[in-house]
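Close look at the chain arrangement
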Amino acid sequence: MRILRIDGGHRLAGETRVGCAKNATLPILAAALLADDPVTILKAPDIADVEIMRDILKMLGCETVRLGDGVMVDPTGLKDSALPDQLAKKLRSSVFLLGPMLGKLRRATVTYPGGCDIGLRPIDLHLKGLESLGVRISEEGGLIVCDGSAMHGGVVHFDYPSVGATENVMMAAVLTPGRTVIHNAAREPEILDLQRFINEMGGNVSGGGLQTIVIDGVKRLRGAAYRPMPDRIVAGTLLAAAAITGGEITVLDAMASDMMAIISKLREMGCRIQESDGRIDLIAPRRLRAFKHLETQPYPGFPTDMQAQMLALATVAEGSSVILEKVFENRFTHVPDFTRMGADILVNDRVAVIRGVSRLHGARVTSRDLRGGAALVLAGLAAQGITDVEQVALIDRGYERLEEQLSGLGARITRLEA
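Calculation criteria
- Residues numbered from 1 in each chain as written.
- Predicted model: local features only at pLDDT ≥ 70, side-chain atom pairs only at ≥ 80, totals over all residues.
- Heavy atoms only, no water.
- Helix = DSSP H or I, 4+ residues; strand = E, 2+ residues; numbered from the N terminus.
- Rg over C-alpha atoms; globule rule 2.2 N^0.38 Å.
- Buried < 20%, exposed > 50% of the residue type's maximum accessible area, 1.4 Å probe, protein only.
- Areas by Shrake-Rupley, 256 points an atom, 1.4 Å probe, with all protein chains shown as cover.
- Lys, Arg positive; Asp, Glu negative; His and termini not counted.
- Charge placed at Lys NZ, Arg CZ, Asp CG, Glu CD.
- Pairing = 2+ DSSP bridges.
- Axes fitted to C-alpha atoms, helices over the stretch in contact; angles between N-to-C directions.
- Contact = heavy atoms within 4.5 Å.
- Phe/Tyr/Trp six-rings, centres within 6.5 Å; stacked < 30°, edge-to-face > 60°.
- Parallel < 35°, antiparallel > 145°, perpendicular 65-115°, else oblique.
- Salt bridge = Lys/Arg side-chain N within 4 Å of Asp/Glu carboxyl O.
- Core = buried A, V, L, I, M, F, W, Y, C linked by side-chain atoms within 4.5 Å.
- Patch = residues over 30% accessible without salt bridge, like charges linked within 9 Å, V, L, I, M, F, W, Y side chains within 5 Å.
- Polar contact = N/O pair within 3.5 Å; in protein donor to acceptor, adjacent residues only side chain to side chain.

Considerations on the overall build of the chain
For the chain, the helix and strand inventory stands at 14 helices and 23 strands. Relative to its length of 418 residues, the chain is compact, with a C-alpha radius of gyration of 21 Å against a globular reference of 22 Å. Dimensions along the principal axes, computed over C-alpha positions, put the chain at roughly 65 × 45 × 40 Å. Relative to its 418 residues, the chain shows a buried fraction of 58%. When the accessible surface of the chain is summed, it comes to about 15,800 Å², and 49% of that surface belongs to carbon and sulfur atoms. Side chains of the chain carry 48 positive and 50 negative charges; the gap between the two charge centres is 3 Å.

Focus on the sheet that holds strand E1 (residues 2-7)
Taken in spatial order, the four strands line up as E21-E22-E1-E23 in an open sheet, and their pairing is mixed. Across the chains shown, the open sheet's two edge strands, defined by having one partner strand only, are strand E21 (364-366) and strand E23 (412-417). Going from strand to strand, the sheet's axes swing by 25° on average, the running direction of each strand aside.

Looking at the sheet that holds strand E13 (residues 225-226)
In spatial order, the strands read E4-E5-E3-E13; together these four strands make up an open sheet with mixed pairing. Looking along the sheet, the strands with just one partner apiece sit at the ends: strand E4 (63-67) and E13. Pairing of strand E3 (residues 39-41) with strand E5 (residues 70-74) involves three bridges; the strand directions are antiparallel. If you follow Ile 41 over to E5, its bridge partner there is Val 71. Helix-sheet contacts for helix H1 (residues 22-31) involve E3, E5 and E13, and the interaxial angle to E3 is about 170°.

Details of the packing of aromatic side chains
The full count for this structure, using the stated rule, is one aromatic pair. Their ring planes at 55° and their centres at 5.6 Å tell us that Phe 197 and Tyr 226 sit as a pair that is tilted. Placement of the pair is Phe 197 in helix H7 (residues 189-200) and Tyr 226 in strand E13, with a sequence separation of 29 residues. Taken individually, Phe 197 and Tyr 226 each receive the classification buried, so the pair is uniform in this respect.

Describing the packing of H1 against helix H2 (residues 48-59)
It is at 10 Å that the axes of H1 and H2 come closest, and there the two elements cross at 5°. Here H1 lies roughly parallel to H2, going by the angle between them. In this structure, H1 uses Lys 22, Thr 25, Leu 26 and Leu 29 to contact H2, whose residues at the interface are Asp 49, Val 50, Met 53 and Leu 57.

Things to note about the pattern of salt bridges
Pairing between side chains of opposite charge can happen when their charged atoms approach one another. The final tally for this structure, using the stated rule, is 35 salt bridges. Ionic pairing is found between Asp 388 and Arg 5, a salt bridge with its closest N-O pair at 2.8 Å. Here Asp 388, found in strand E22 (residues 386-390), pairs with Arg 5, found in strand E1; they are 383 residues apart in sequence, far enough to count as distant. The partly exposed category is assigned to Arg 5, whose relative accessible area is 35%. Its salt-bridge partner being Asp 49, residue Arg 397 comes within 2.7 Å of it at the nearest N-O pair. Of this pair, Arg 397 sits in the loop between helix H13 (392-396) and helix H14 (402-407) while Asp 49 sits in helix H2, placing them 348 residues apart in sequence. One network of salt bridges, in which partners are shared, links Arg 5, Arg 364, Asp 388 and Glu 390.

Points about unusual backbone geometry
Cis geometry is adopted by the peptide bond preceding Pro 300, which originates at Tyr 299 and carries an omega value of 15°. In this structure, Pro 300 sits in the loop between strand E17 (293-295) and helix H10 (307-315). Its identity is not glycine, yet Lys 43 carries a phi of approximately 55°, on the positive side. Tracing the backbone through its elements, the reader meets Lys 43 in the loop between E3 and H2.

So, the nonpolar core
Leu 266, Leu 313 and Leu 406 are the most contacted members of the largest nonpolar core, which has 74 residues in total. When residues in this core are grouped by element, the largest group, ten residues, is from helix H8 (residues 232-244). Not counting chain neighbours up to four residues away, the residues in contact with Leu 406 comprise Leu 12, Leu 238, Ala 241, Val 377, Leu 381, Ala 411 and Ile 413. In terms of nonpolar packing, the next biggest core, distinct from the first, is built from 66 residues, Val 50, Leu 97, Ala 165 and Ala 186 among them.

Overview of a nonpolar patch on the surface
Taken together, the side chains of Leu 346, Val 351 and Val 353 define a hydrophobic patch exposed on the protein surface, amounting to about 230 Å² of accessible area. What makes Leu 346 exposed here is its relative accessible area of 59%.

Notes on the environment of Arg 355
Relative to the elements of secondary structure, Arg 355 occurs in strand E20 (residues 351-355). Expressed as a C-alpha distance, the spacing of Arg 355 and Ile 345, which sit ten residues apart in the sequence, is 6.4 Å. Setting aside chain neighbours within four positions, we find Arg 355 in contact with Thr 315, Gly 319, Ser 320 and Asp 344. A polar side-chain atom of Arg 355 sits 2.9 Å from a polar atom in the side chain of Asp 344.

Set out below in structure tokens:
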């Protein structure tokens, strides 16, 4: 078992760079199935979730290899329309393959996807959207069987702006005859990035980043080379790491325009932040101030994937902070580990009230999910003494050698075999 051992209490300072976004790369890898030629994803992050997605693509008949810091996917061998059960259960984003498999093969069989245990995350919206395109869906032996032989353009209205469902319908519709219109679409920057990639391959998609997306079906897509957008959650985590240690940091290749909800909260906590093209500079106060209220929402609201990191900051901020988690129903599982470190947190259903303490102390804690694990690392950076964070594999799902990046900023953190 690997652990991250952190000797806390050291101020972070310096310059670091953000890689491409996990939440953009995974659907782009899925969309590569739609092409008739090889596709290259430039600067693809070397993280566990990307490798699991590559393994799934291989089992479907695709060739995929690492080329330097990129990933090549050759979808011409795609033959299997059934997702491998065990791999799909490891990765929530495996559901992204439903749309492109239907678009390319007109059939797909999938199991219910896995991933972090942060809530139910039903795929009803995905299936409802695909049914609007003429897909016939049945359940057989715990598997979802989709027949797309009669697919056509259609009008889709989502009751909730689900990112995954929006992306799935986009990918299913690209090679489907006619026009598809998605109403109440998710507006996350990753949606616009997927649109750019599809159009780079010859697709006809417009409206990404808006509430209405229009897809006019085309007959084929060609190969392309594409670099996904920067990871706004990794950028936010690095800014939070500097903030919790009273540090000073420059984050390069970060898109501040995609992160205004995060930046606003950090400013509320007393951080001085300057934004320029592809660069964010942060200077933290000696002690952070509590934020009054944080409520997670779909974009452009505050992202649920940064909620745990902000909770970590609140544990040592002066005053009391309140967090309302509105996206997932089970995203406070890391709270007992924070309290083990001396934090003062009260949770009632989806509300957490955090009274900041002057100092956390090191402890042995366990990652329960990807972002909660990263938040425990942040707490360890600020704590007095040694913190050991277990279940590092969960953190590796979304952060590329996080300990090396933090060490480069002055953190005392090492990866150990326990």
